[in-house]
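# Understanding the architecture of this molecule
Spelled out from the first residue to the last, the chains are:
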Amino acid sequence: MNSVFESEITIRPDDIDLNNHVHNAKFIDFIQAARYQQMKLNYKMPMEDFLKLGYNWVASTVHIEYKRPLLLDDRIAVRTQLDSINGAQCKVNFRIVKKENEKVASEGYFIYTMISIKSGKPVRISEDIIKKYSI
């Protein structure tokens, strides 16, 4: 089983929608921001390294289950865990919890596909990248 990594975010006014809670699309932003940070701090292979190699990541599937609302000034933990790697794709599970009470606000997964910047086509994830991310 791979490690669970955590990034903390505080909900800001621009995250709030007309219903006075975080807009559903912002959850994707939170997860993407957490993964970007975790690539650098935890896996020691930041996005810049992929770009130098001529690769990029695209989200090909996003599944989010919304459990409870997030409100202005809530502190949240975005917890992610690499689930699996298959060919050009990796599945990353996530859970967003309110820090004050550890209640789950949302959970789900992303399937990311590694692509060649040059061709825009999927590229098989190499063994050295798999090794770095299998911690």
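Right above here is the structure, for reference.
Everything numeric here is computed off the predicted structure, so don't read it as measured data.

About the criteria used
- Residues numbered from 1 in each chain as written.
- Predicted model: local features only at pLDDT ≥ 70, side-chain atom pairs only at ≥ 80, totals over all residues.
- Heavy atoms only, no water.
- Pairing = 2+ DSSP bridges.
- Helix = DSSP H or I, 4+ residues; strand = E, 2+ residues; numbered from the N terminus.
- 1 Å grid on protein atoms, 1.4 Å probe; cavity = no way out; pocket = protein on both sides within 12 Å on 5 of 7 lines; lining within 4 Å.
- Points joined across faces, edges and corners; volume = space filled by probe spheres on them.
- Nonpolar A, V, L, I, M, F, W, Y, C, P; charged D, E, K, R; others polar.
- Phe/Tyr/Trp six-rings, centres within 6.5 Å; stacked < 30°, edge-to-face > 60°.
- Buried < 20%, exposed > 50% of the residue type's maximum accessible area, 1.4 Å probe, protein only.
- Lys NZ or Arg CZ within 6 Å of the ring centre and 35° of its normal.

### Here's the deal with the pairing of strand β4 (residues 89-98)
Here 10 bridges tie strand β3 (residues 75-86) to β4, and the two strands are oriented antiparallel to one another. When the sheet's bridge partners are listed, Ala 77 is paired in β4 with Val 97. Hairpin connection, β3 to β4: the antiparallel pair is bridged by 2 residues, and Gly 87 has positive phi, about 65°. As judged from the 9 bridges shared by β4 and strand β5 (residues 104-116), these two strands associate in the antiparallel manner. Its bridge partner lying in β5, Gln 89 is registered against Thr 113. Between β4 and the antiparallel strand that follows it, β5, lie 5 residues; Glu 102 among them carries a positive phi value of about 65°.

### Some remarks on the layout of surface pockets
The calculated volume of the largest pocket comes to roughly 270 Å³. Lining the largest pocket we find 18 residues, and of these Arg 35, Met 39, Met 47, Trp 57 and Tyr 112 sit closest to its centre. Those elements that place two or more of their residues in the lining of the largest pocket are α1 (24-41), α2 (47-52), β2 (55-66), β3, β4 and α3 (127-133). Its residues placed into classes, the lining of the largest pocket shows 15 nonpolar, 2 polar and 1 charged.

### Notes on the packing of aromatic side chains
In the structure shown here, the tally under the stated rule is 8 aromatic pairs. Taking 4.1 Å as the distance between ring centres and 20° as the angle between the ring planes, the aromatic pair formed by Tyr 43 and Tyr 133 counts as stacked. On the criterion of sequence distance, the pair formed by Tyr 43 in the loop between α1 and α2 and Tyr 133 in helix α3 is long-range, its members being 90 residues apart. The pair formed by Tyr 43 and Tyr 133 is uniform in burial state, with each residue classed as buried. Residue placement shows Lys 91 over the ring face of Tyr 109; its charged tip is 4.4 Å from the ring centre.

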